[in-house]
Amino acid sequence: MGKKRVMVPAKDVDLSSIKYEPHIFQAPHLTGFMFRLFVKLLEAPLIGPLIVNSLKKENKFDELLRNTVIPEEPMFKPEYPPQEMEPGVVVLDENGRPEDRVESALKCLLHYDPAGFWENSSLPFRYWKIRDYAYAYRSRKVTPSMVAERIISNIEENGRNKPPTPLLISFDAAEIRKQATASTQRFEAGNSLSILDGIFMAIKDDIDCYPHPSKGATTWMHEVRTIKKDAVCVSRLRSCGVIFIGKANMHEFGMGATGNNPNYGTTRNPHAPDRYTGGSSSGPAAIVASGLCSAALGTDGGGSVRIPSSLCGVVGLKTTYGRTSMEGSLCDSGTVDIIGPIASTVEDVMLVYAAMLGASPANRVSLKPSPPCLPTLSFDEDSNALGSLRIGKYTPWFNDVNSTEVSDKCEDTLNLLSKTHGCEMIEIVIPELHEMRTAHVVSIGSECLCSLNPHCEEGRGVKLTYDTRTNLALFRSFTAADYVAAQCIRRRIMHYHMEIFKKVDVIVTPTTGMTAPRIPPSALQSGETDLQTTGYLMRFNVAANLLGLPAISVPVGYDKEGLPIGLQLIGRPWAEATILRIASAVEKLCGEREPKKKPVSYYDVLRTI
C-alpha cells in the first residue's frame, strides 16, 4: 500500500524550507529495432500495463497524484487576478483591422536606417528583417515575385537531400507564385496592404492554411479533416499581405521536443545538420533560422515554439493563454496550447504578433484579458522602463542544466542587462516543480488523447509513429482522478507564481537545459524515445503552458561548438509588452557582445538576387 501524503494549503507553505530537487526522467533511451519491440510490448494487453506502471512508479506519478491529498480546488484552465496596465506601452485594438495594429506596432520600433546594411556586404552577418524586405520592395530593388523564385528554388533544392530533411510537408510552387504576383502588383500600383505585404511565412502543419491540408505531420489526418478556410491567425496575417510558402514540418501531433519525424524525414538544425532543431515546431524554427522566411507560426503546448527557437538561434514568443485565437488548429480545444510567432528578431516577432492577436469571443468572456500592448522602444522610454524592472531568478533551478555553458551564458547576459540598464535581480523560490511537470504531462496528455481517441478507435492509431504511440500508452493510463488531481496542482502552482509576481516583473531561466542534441542515425527510420533528453529540453518551459503565462526565448550566444543558447523570460498574465521590451534589450546587448554566426545551412534570398 502506498503511503498517503498530505499537502498543506499552498498559502501556508514555508518557502524557506523548500529545497530544490534535481530530476532526471527514468526511462530507457531506445531507437531502431529495440524501440519497435518496446512499443509492441507496450501495446500488449498484459505486459503493456506492467511496463507503464513501472515507468510511472520510477517517476513518482502515483505518489504525486493518487497518494497525495491536495487541499486546493481544481483549476481546469488558467484563471488570473486582474492585472495592472504595463508602463511605456501602446495599446492595440484587438477588435480592429490587423493592418492597423501592424501600423501601430511599426511606430513602436526603433529608427530604421537601411542604407548601411544594404550597401556594405562586408558587415557582420545578420538576418534580413521584415523592414529590410519592405524597403527592398518599395525602393524597387526586388519584387515579391523575384524573391518567391529564389525561395522556390531553395525549397526544391532542399527537397533533394538524401536522407530527406524536409522543411515543409506541404508545398505548392504555383500557389506561392500566385500570392507573390498579387503582392508585386500591389507594390507596382502603390497599394501595399501593410509592412507585412510580400513577407514570406511558413505555417506549422497543425494550423490550417488554405488550400494546404493539415496533417499534424501524420500520414492520415488530412483524410479525416477537410480544410475549407484559414485558421483565424492565418487569416489575419493574410489580410496584411503575408505570402505563405506552405506547411512546415513538425514532431507528429506535437508529441515530442526533438522534431524527429520518420513520416516525412527529420528537419535538421541549420547550425549543425547532424543535430535536432528541437520540437515540436521544428520546421518553422529551421525555416526562419535558414533565412528562407522572415517569420513562421508554431504552436506551443510544452515549449514547442521556444525550444526550437532556442536551439536554432531565433526568437520565439509564447503568448498568454487566450491572447490569440486557436480556431483552425488541431489543438483548438486544449488548455495549454497557443499559436505563437517565430522570427529572427524581436521586432519581427512584434510585427507578426500585432497582426495575429485577438482573443476568441469565448475567452474574452471567461478570461477577461487585459488590452493587448506593445512596448515603445525609443531609447529614453526603453532605458527608464528597463531600469525599474525586477527580474526573478531561482538559482538552483536556473543552474540545473547538462552543460554549464548554457547557464553561464545566460548568467553573463543577466549581469550585462543589470549593469547596462540597472534592472534589479531578485532571488526567488518556486516550490513543487516536480509536481508541476507531472500536472502538465497529465493535462496535455489527457487533452491529446481526448482529441485522438475517436481516430484510434477507428484503427488509425497503428499508423502513428512509435514515438507518438509510446506517449499515448502513457496517456491512456491516466484516470479521471489523475486529471482532477493535476488540476488541483495547477491551482497550487498558479498561487505560487502569482505571489512571485507581486515581487518581480519577470522570471528568467535558460530556455532549454542543453544545446541541440545529436540525431542518432538509428532514429531516422523509426524515431526514438529519450525522456532524459526531453526532460532537459523541456525543463524550464512547462510553467508557461500549465499556467498560460507569456514567455519568450531570445538568443544570447553560442556554446564552444557554435550551437545557439536561448534565454527565457516568463511574464505576468497578459504582460507580453514587458517580456518583449526586455527581450529587445537582451538582443541588442548580446549582438554587441557576440556577433551572430551565419548558420551552416543559410539561404540569402535577397542579396543573391
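Worth saying up front: this structure is predicted, and the values here are computed from it rather than measured.

Engineer: Explain helix α6 (residues 130–138) to me, and be specific about the residues and the numbers.
Structural biologist: Here α6 lies mainly inside the structure; seven of its nine residues are buried. Looking one or two residues beyond α6, the residue adopting positive phi is Arg140, at roughly 65 degrees.

Engineer: Requested: an account of the packing of aromatic side chains, with residues and values cited.
Structural biologist: The final tally for this structure, using the stated rule, is 13 aromatic pairs. Judged by centre distance (6.1 Å) and plane angle (20 degrees), the rings of Phe76 and Tyr483 are stacked. Here Phe76 is found in the loop between β3 (68–69) and β4 (89–91), whereas its partner Tyr483 is found in helix α20 (residues 480–500), with 407 residues between them in sequence. Accessibility expressed as a relative area gives 40% for Phe76, which makes it partly exposed. Among the aromatic residues, those joined into a cluster by ring pairs are Phe61, Phe475 and Phe478. Between Lys393 and the ring centre of Phe398, over which it is positioned, the NZ or CZ distance is 4.8 Å.

Engineer: Residue-level account of the environment of Lys419, with values.
Structural biologist: With respect to the secondary-structure elements, Lys419 resides in helix α17 (residues 404–421). Considered as a pair, Lys419 and Met85 are 334 residues apart in the sequence and their alpha carbons are 27 Å apart.

Engineer: Quick rundown of the nonpolar core? Include the residues and the values.
Structural biologist: The biggest cluster of nonpolar side chains holds 162 residues, and the ones touching the most others in it are Leu196, Phe200, Ile245 and Leu297. Ignoring anything within four residues of it in the chain, the contact list for Leu196 reads Val102, Ile130, Leu237, Cys240, Gly241, Val242, Leu351 and Ala355. In this structure, Phe38, Leu42, Ile51 and Val52 belong to the second largest nonpolar core, which totals eight residues.

Engineer: Go over a nonpolar patch on the surface, please, and point to the residues and values.
Structural biologist: The grouping of Phe33, Met34, Leu37, Leu41, Ile47 and Leu50 at the surface amounts to a nonpolar patch, some 570 Å² of accessible area in total. Residue assignment for the nonpolar patch shows that the elements contributing at least two residues are α1 (32–42) and α2 (47–58). Per-element accounting of the nonpolar patch gives the leading share, four residues, to α1. Secondary-structure assignment places Leu41 in helix α1.

Engineer: Describe the sheet that holds strand β19 (residues 564–571), and please don't skip the residues or the numbers.
Structural biologist: Spatially, β5-β7-β6-β10-β12-β11-β18-β19-β16-β14-β15 is the arrangement adopted by the 11 strands of the open sheet, whose pairing is mixed. Looking at strand neighbours, the two that pair on one side only are β5 (168–170) and β15 (424–427), the edges of this open sheet. Averaged over all adjacent pairs, the angle separating strand axes in this sheet is 35 degrees, with direction ignored. Looking at chain direction, strand β16 (residues 506–510) and β19 are connected through five bridges and run antiparallel. Looking at β19, one finds that Val508 is bridged to Leu569.

Engineer: Lay out unusual backbone geometry with the relevant residues and their values.
Structural biologist: Most peptide bonds are trans, and most residues other than glycine sit at a negative phi. Residues Lys162 and Pro163 are joined by a peptide bond in cis, for which omega reads 0 degrees. As for its position among the elements, Pro163 is in the loop between α7 (144–158) and β5. Between Gly279 and the following residue, Ser280, the backbone shows a cis peptide bond with an omega angle of 10 degrees. Mapped onto the secondary structure, Ser280 falls in the loop between β9 (272–276) and α11 (282–289). Within the chain, Lys60 stands out as a residue other than glycine whose phi angle is a positive 65 degrees. Examined against the element boundaries, Lys60 turns out to sit in the loop between α2 and α3 (61–64). The phi dihedral of Ala217 falls on the positive side, at around 65 degrees, and the residue is not glycine.

Engineer: Lay out the pattern of salt bridges with the relevant residues and their values.
Structural biologist: Under the defined criterion, the tally for this structure stands at 34 salt bridges. For Glu347, the salt bridge is made with Lys129, and the minimal N-O distance between the two is 3.4 Å. In this pair, Glu347 sits in helix α13 (residues 346–356) while Lys129 sits in the loop between α5 (115–119) and α6, placing the two residues 218 residues apart along the sequence. With a relative accessible area of 11%, Glu347 lands in the buried category. Across the pair Arg306 and Asp300 runs a salt bridge, and its minimum N-O distance is 2.9 Å. Neither residue differs from the other here; Arg306 and Asp300 are each classed as buried. What you see here is one network of salt bridges that share partners, running through Asp274, Arg275, Arg518 and Glu561.

Engineer: Can you tell me about α1, naming the residues and giving the values?
Structural biologist: Among the residues making up α1, those that are buried are Gly32, Phe35, Phe38, Val39 and Leu42. Along the long axis of α1, the arc covered by the buried residues comes to 110 degrees, so they all point the same way. Contacts made by the buried residues of α1 are with β2 (30–31), α2, α19 (466–476), α21 (523–526) and β17 (528–529).

Engineer: Now, about the packing of helix α18 (residues 433–457) against α20: what can you tell me, with residues and values included?
Structural biologist: Direction vectors running N to C along α18 and α20 enclose 130 degrees, while the axes themselves pass 9 Å from each other. Put simply, α18 runs oblique to α20. Of the two possible hands of crossing, α18 and α20 adopt the one that is left-handed. Facing Glu435, Met436, Ala439, Val442, Ser443, Ser446 and Glu447 of α18, the residues of α20 in contact are Asp482, Tyr483, Ala486, Gln487, Ile489, Arg490 and Ile493.

Cut-offs and rules
Residues numbered from 1 in each chain as written. Predicted model: local features only at pLDDT ≥ 70, side-chain atom pairs only at ≥ 80, totals over all residues. Heavy atoms only, no water. Buried < 20%, exposed > 50% of the residue type's maximum accessible area, 1.4 Å probe, protein only. Helix = DSSP H or I, 4+ residues; strand = E, 2+ residues; numbered from the N terminus. Phe/Tyr/Trp six-rings, centres within 6.5 Å; stacked < 30°, edge-to-face > 60°. Lys NZ or Arg CZ within 6 Å of the ring centre and 35° of its normal. Core = buried A, V, L, I, M, F, W, Y, C linked by side-chain atoms within 4.5 Å. Contact = heavy atoms within 4.5 Å. Patch = residues over 30% accessible without salt bridge, like charges linked within 9 Å, V, L, I, M, F, W, Y side chains within 5 Å. Areas by Shrake-Rupley, 256 points an atom, 1.4 Å probe, with all protein chains shown as cover. Salt bridge = Lys/Arg side-chain N within 4 Å of Asp/Glu carboxyl O. Pairing = 2+ DSSP bridges. Axes fitted to C-alpha atoms, helices over the stretch in contact; angles between N-to-C directions. Arc of directions from axis to C-beta. Parallel < 35°, antiparallel > 145°, perpendicular 65-115°, else oblique. Left-handed = near helix turned anticlockwise from the far one by under 90°.

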